[in-house]
Protein chains: 2
Amino acid sequence: MKQKEAIKNYEDYMRISHYYQYVMNEINFEDVTDAPKKNYRERNEIMNYFSYELFKRNTSIDFEKRIEDLNQFYPTLDKKYQRIVDLSLKDFNQNKKIPSELMKEYQKACSEAYHYYILAKEKNDYQIYKPYLKKVLDMNVLFAKYYGKKSGSYYNTFLDLYEEDIQEEELDLFFQSLKERILPLLEKIKASSLTIKDDFLKRPIDKQKQMAMAHYLLKVIGFDEKRGMLKETEHPFTERIGLHDVRITTHIYPQNFISNLYSVIHEGGHGIYEQNIDKKLYNTILFDAASMSIHESQSRFYENIIGRSYSFCKLVYPTLQKLAHPTLQDVTVDQFYQAINKVSPSFIRTEADELTYSLHILIRYEMEKMLIRKELDFEQLPAIWNQKYKEYLGIDVQNDRDGILQDVHWSSGIGYFFSYALGNAYAAQIYHALQEEMDVDQVIQSGNLKPIKDWLKQNIYQYGKLLKPKDLIKKATKESFNPKYYCDYLEEKYTKIYHLK
Amino acid sequence: MKQKEAIKNYEDYMRISHYYQYVMNEINFEDVTDAPKKNYRERNEIMNYFSYELFKRNTSIDFEKRIEDLNQFYPTLDKKYQRIVDLSLKDFNQNKKIPSELMKEYQKACSEAYHYYILAKEKNDYQIYKPYLKKVLDMNVLFAKYYGKKSGSYYNTFLDLYEEDIQEEELDLFFQSLKERILPLLEKIKASSLTIKDDFLKRPIDKQKQMAMAHYLLKVIGFDEKRGMLKETEHPFTERIGLHDVRITTHIYPQNFISNLYSVIHEGGHGIYEQNIDKKLYNTILFDAASMSIHESQSRFYENIIGRSYSFCKLVYPTLQKLAHPTLQDVTVDQFYQAINKVSPSFIRTEADELTYSLHILIRYEMEKMLIRKELDFEQLPAIWNQKYKEYLGIDVQNDRDGILQDVHWSSGIGYFFSYALGNAYAAQIYHALQEEMDVDQVIQSGNLKPIKDWLKQNIYQYGKLLKPKDLIKKATKESFNPKYYCDYLEEKYTKIYHLK
């Protein structure tokens, strides 16, 4: 076999696997948007069928052989195909390590946990969820043992699933610096005498107007609706269907238009990333975001660093005012800017302001570490949760629904909450590097944000999974990851807004 | 093997085949509605993949064995499974008769013909289309030879593909009676001194209002939007996706709201049929309309017999007026009723009135017969077409676009145009039988049309393909097909509208 043939064999196989993935994603997308509710059972059946077929393809001897065939040529492969072999072997071997019976048991445990999570949240009672949550987390710990230690610890094995090569010590340092710098900043803001008025953010705006505002914002930031679409769902998300088909969703609350607008910018950020991975990587394992944290860095970059900047408000607010006419006629852009940046510690992560958001993640990170080390009794979970909310955010959680039961994530696994905070920090470091290249505020004020997208495409998007996240950050920002940029950014921004010393 | 096991083996196989069909239909539906245009190539690739996989499944030795296994139990199978065996063997053996190379050549010929059809229509020049059309039709004639004669003729072989067991003599008699009774009726109407005003049908009504009108009509006739949906496409159609997922489409022309409203009732009729086949037939070959003509009878029944009746206009017009406010405020229900039933011979089949519609089909039927018998030179096609339009409709076709090039159908095969006229006639006979059971006008005027749908479900819909079309008509109407009901219906209706003697 020639090298060219081995490459073709791999790509042919991946293309068909991708068709299965396409079908699953499309049916899922329809399921949560506009497919007839009464046909959910059949959609479920079909998704299970294709999901199982895809699993069989991904773990087949045929596939293994194609990867191995490619591996024979490793020394003469270019970097792209070397990386494909590395990641494919890693994935394939990892998949093989878990006995398929155990994997089935795990999937069952997850779907039970999800079911009881919903029920528990409804009844506002963690006890209903507890045994099922425990089962999922125990199995996660077991899986790490099957995978084996990485750099000396099972915890690193876990982390590596979500952020290649990251280690516990780095994350500890990162969260430590957040504690050291965000907590004092939050105290100063609390002590500030400035009162920011934001009641107008709850004024009702109807769906049609909000949708027009959403499409306008997507256009400004550069999400290409000819290669994607925007629809409404219960929870906003981004999903790639095909090469030129990246879909995002939002949720319209008539009395909370800000939730819609910033969900749209957030998902738009994810979407722009997906739309700009180099298409030469399509039908390979590399056609994907570098990691969850890198993905999140792009959504947060657009949502917060660009979207909540004063320049951006100045640019878009007059049009938003027009589209919402007459609801915001009496609100100035300065009032708008202050209101969307108001700091106010709250119970719910997804409703947190930009400053306190990472503190919600800090709490989950600390708890996950203890859970993985089995240092935490499941009975104590709500109490520990509430204690940490008191300690870091200064608020008293009143019930499980606003506390331990607010996030669905743990019902399907543990260990990736850190990505949300790391994404914020990556975003700030990328922003710092971008500032070296251009006057970002000036670019925003010009109304043409393309230079920003182009830079991100050049330095982040195009690579897909070709580079490890660490290497990607280093290449794009010309230095290793450093949480200082995130803390600096927050300090500078909020010192100005709250007139702090 | 036990009988039960043979049944299960068949149904398991069909279920997976159905998943493939589901995927193809869904991707196709998205393609023509709201999927990003720029991803058409990938959608095409994926549809080709699943289409080929499905073809392989439908012609596999595995499938043949499952049908044969079921056939072993034929004497003890109930009617449903006997019919399944009959139809499956028929389909399977028919598929086997065409060499796969020839089938590929045919598919290529069809897609070329389609391409050049579009081009020819654009340029208004039949000559561009001619060689490609000839190729498709020649191959159709060749296929009939592969299939073998039915009841002594190749033409019957053809007809049987679209309407089981129907024979040329029956269709000849049917079209002969249309000629004998519709043509004189049309002459009388042309000679009538009554002028029907219909200019208000061209008043502009915006998309949102037209959509509200469409949803209202679907509700009135009983299309279940919880088990389906309505979207907009270039050409209206109905497509089953899944058991509880039947989708219909319409096209909104701001200056032709009638086109939208009656497309919606038409497709709604198809959709109601699809929504009410007995679900016990799902995942078998019987879960389908009895034939194209029967399908068309249901859309025409709702569109014309119900939808263009005076009772229906009286029922829905006040609400349509409200939804279109203020566009139709000065138009009375009587004016509306007359306008939508105005007879006016025209060039384009899809824009024809209820009376002249079947004459357009008559022309195509006569031409298809000659084509299949190779009695017609392709060079003469436009001239013959125009001559027949002059003879039957009394109008002079001015160009190919309004004549021979108006329908895309022949680019993918020949022989099923008759279904459109036969559907009209079936609808009238069914209507006659329904009248024996209930006072249809009174039911319509009550505003609750459910008794009509229930009767149709009981007598037509539920059976799917369990009965042959002939037997279905006989069972539902208590007599064999008789075109007299259709001619009677038209005579009675138009005699009243045009005050004829």
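Relevant structure appears above.
Report follows, based on the coordinates.

Procedures and definitions
- Residues numbered from 1 in each chain as written.
- Chains lettered and ligands numbered in written order.
- Predicted model: local features only at pLDDT ≥ 70, side-chain atom pairs only at ≥ 80, totals over all residues.
- Heavy atoms only, no water.
- Contact = heavy atoms within 4.5 Å.
- Buried area = accessible area lost by both parts, 1.4 Å probe.
- Salt bridge = Lys/Arg side-chain N within 4 Å of Asp/Glu carboxyl O.
- Polar contact = N/O pair within 3.5 Å; in protein donor to acceptor, adjacent residues only side chain to side chain.
- Helix = DSSP H or I, 4+ residues; strand = E, 2+ residues; numbered from the N terminus.
- Nonpolar A, V, L, I, M, F, W, Y, C, P; charged D, E, K, R; others polar.
- Pairing = 2+ DSSP bridges.
- Axes fitted to C-alpha atoms, helices over the stretch in contact; angles between N-to-C directions.
- Buried < 20%, exposed > 50% of the residue type's maximum accessible area, 1.4 Å probe, protein only.
- Parallel < 35°, antiparallel > 145°, perpendicular 65-115°, else oblique.
- Arc of directions from axis to C-beta.
- Expected span 1.5 Å × (residues − 1).
- Phe/Tyr/Trp six-rings, centres within 6.5 Å; stacked < 30°, edge-to-face > 60°.

This paragraph deals with the interface of chain A and chain B. Contacts between the two partners involve 35 residues from chain A, matched on the other side by 35 residues from chain B. Roughly 2,900 Å² of surface becomes buried between chain A and chain B when both sides are summed, with 56% attributable to carbon and sulfur atoms. Ionic pairing is found between Asp34(A) and Lys231(B), a salt bridge with its closest N-O pair at 2.9 Å. Applying the counting criterion to the chain A and chain B interface returns 16 residue pairs in polar contact (both at pLDDT 80 or more). Contributions of two or more residues to the side of chain A that touches chain B are made by helix H1 (3–32), helix H2 (40–58), strand E1 (228–232) and strand E3 (245–250) of chain A. Sorting elements by how many residues they give to the side of chain A that touches chain B places H1(A) first, with 10 residues. For the side of chain A that touches chain B, the class distribution of residues is 14 nonpolar, six polar and 15 charged.

Residue and element names in this part refer to chain B. Spatially, the three strands line up as an open sheet ordered E1-E3-E2, and their pairing is mixed. The sheet terminates laterally at strand E1 (228–232) and strand E2 (238–242), the two strands that pair on one side only. The average undirected angle you get between the axes of adjacent strands in this sheet is 25 degrees. Sitting on the sheet, helix H9 (residues 207–221) touches E1 and strand E3 (245–250), and the angle it makes with E1 is about 150 degrees.

Our next topic: the pairing of E2(B). Two faces, one strand: in a regular strand the side chains alternate between the faces of the sheet. The element E2(B) is largely enclosed, with a buried count of four among its five residues. Once E2(B) ends, the chain turns through two residues before running back antiparallel as E3(B).

All names here are of chain A. Where helix H16 (residues 418–437) contacts helix H19 (residues 469–477), the axes come no closer than 9 Å and their chain directions differ by 25 degrees. Judged on the interaxial angle alone, H19 and H16 are roughly parallel. Seen from H16, the contacting residues are Tyr426, Gln429, Ile430 and Ala433; seen from H19, they are Pro469, Ile473, Ala476 and Thr477. Considering only residue class, the contact of H16 with H19 consists of six nonpolar, two polar and no charged.

This next bit is on helix H13 (residues 333–340) of chain A. All names here are of chain A. Along H13, the residues classified as buried are Val333, Phe336, Tyr337, Ala339 and Ile340. Angular distribution of buried residues about the axis of H13 spans 165 degrees; they occupy a single face of the element. Lining the buried residues of H13 we find helix H10 (257–275), helix H12 (310–323) and helix H20 (484–497).

What follows concerns unusual backbone geometry. Residues and elements named next belong to chain A. With an omega of 0 degrees, the peptide bond between histidine 325 and proline 326 qualifies as cis. By the element assignment, proline 326 lies in the loop between H12 and H13. Even without a glycine there, the phi angle at serine 151 is positive, about 45 degrees. Although it is not a glycine, asparagine 283 adopts a positive phi angle of roughly 65 degrees. Summarising the element assignment, asparagine 283 is placed in the loop between H10 and helix H11 (292–306). For asparagine 283, a relative accessible area of 17% translates into the label buried.

It is worth spelling out the environment of Tyr40(A) at this point. With respect to the helices, strands and loops of the structure, Tyr40(A) is situated in helix H2. For the pair Tyr40(A) and Phe174(A), spaced 134 residues apart in sequence, the C-alpha to C-alpha distance is 43 Å.

Sheet topology note: the strand E2 (residues 238–242) of chain A/E3(A) ladder contains four bridges and is antiparallel. Paired with Glu239(A) across the two strands is Arg247(A), which belongs to E3(A).

Residue and element names in this part refer to chain B. Examined against the element boundaries, tyrosine 81 turns out to sit in helix H4 (residues 79–97). Taking relative accessible area as the criterion, tyrosine 81 reaches 11% and is therefore assigned buried. The contact partners of tyrosine 81, leaving out residues within four places of it in the chain, are Ile7 and Glu11.

Moving on to H10(A). Between its first and last C-alpha atoms H10(A) spans 26 Å; for 19 residues at 1.5 Å apiece the expected length is 27 Å, and the two agree. Across the 19 residues of H10(A), 18 count as buried, placing the element largely inside the fold.

Attention now goes to the packing of aromatic side chains. Tallied over the full model, the rule gives 62 aromatic pairs over all chains. On the numbers, 6.0 Å between centres and 65 degrees between planes, the contact of Phe29(A) with Phe237(A) is edge-to-face. Taken as a pair, Phe29(A) in helix H1 and Phe237(A) in the loop between E1 and E2 lie far apart in primary sequence, 208 residues in all. With a relative accessible area of 1%, Phe29(A) lands in the buried category. Where Tyr116(A) meets Tyr132(A), the ring centres are 3.9 Å apart and the plane angle is 5 degrees; that geometry is what we call stacked. You can see Tyr116(A) sitting in helix H5 (residues 100–123) and its partner Tyr132(A) sitting in helix H6 (residues 126–147), a full 16 residues away along the chain. Residue Tyr116(A) is classed as partly exposed on the basis of its relative accessible area, which comes to 25%. Site record: aromatic cluster; members linked through ring pairs are Tyr19(A), Tyr20(A), Tyr49(A), Phe50(A), Tyr19(B), Tyr20(B), Tyr49(B) and Phe50(B).

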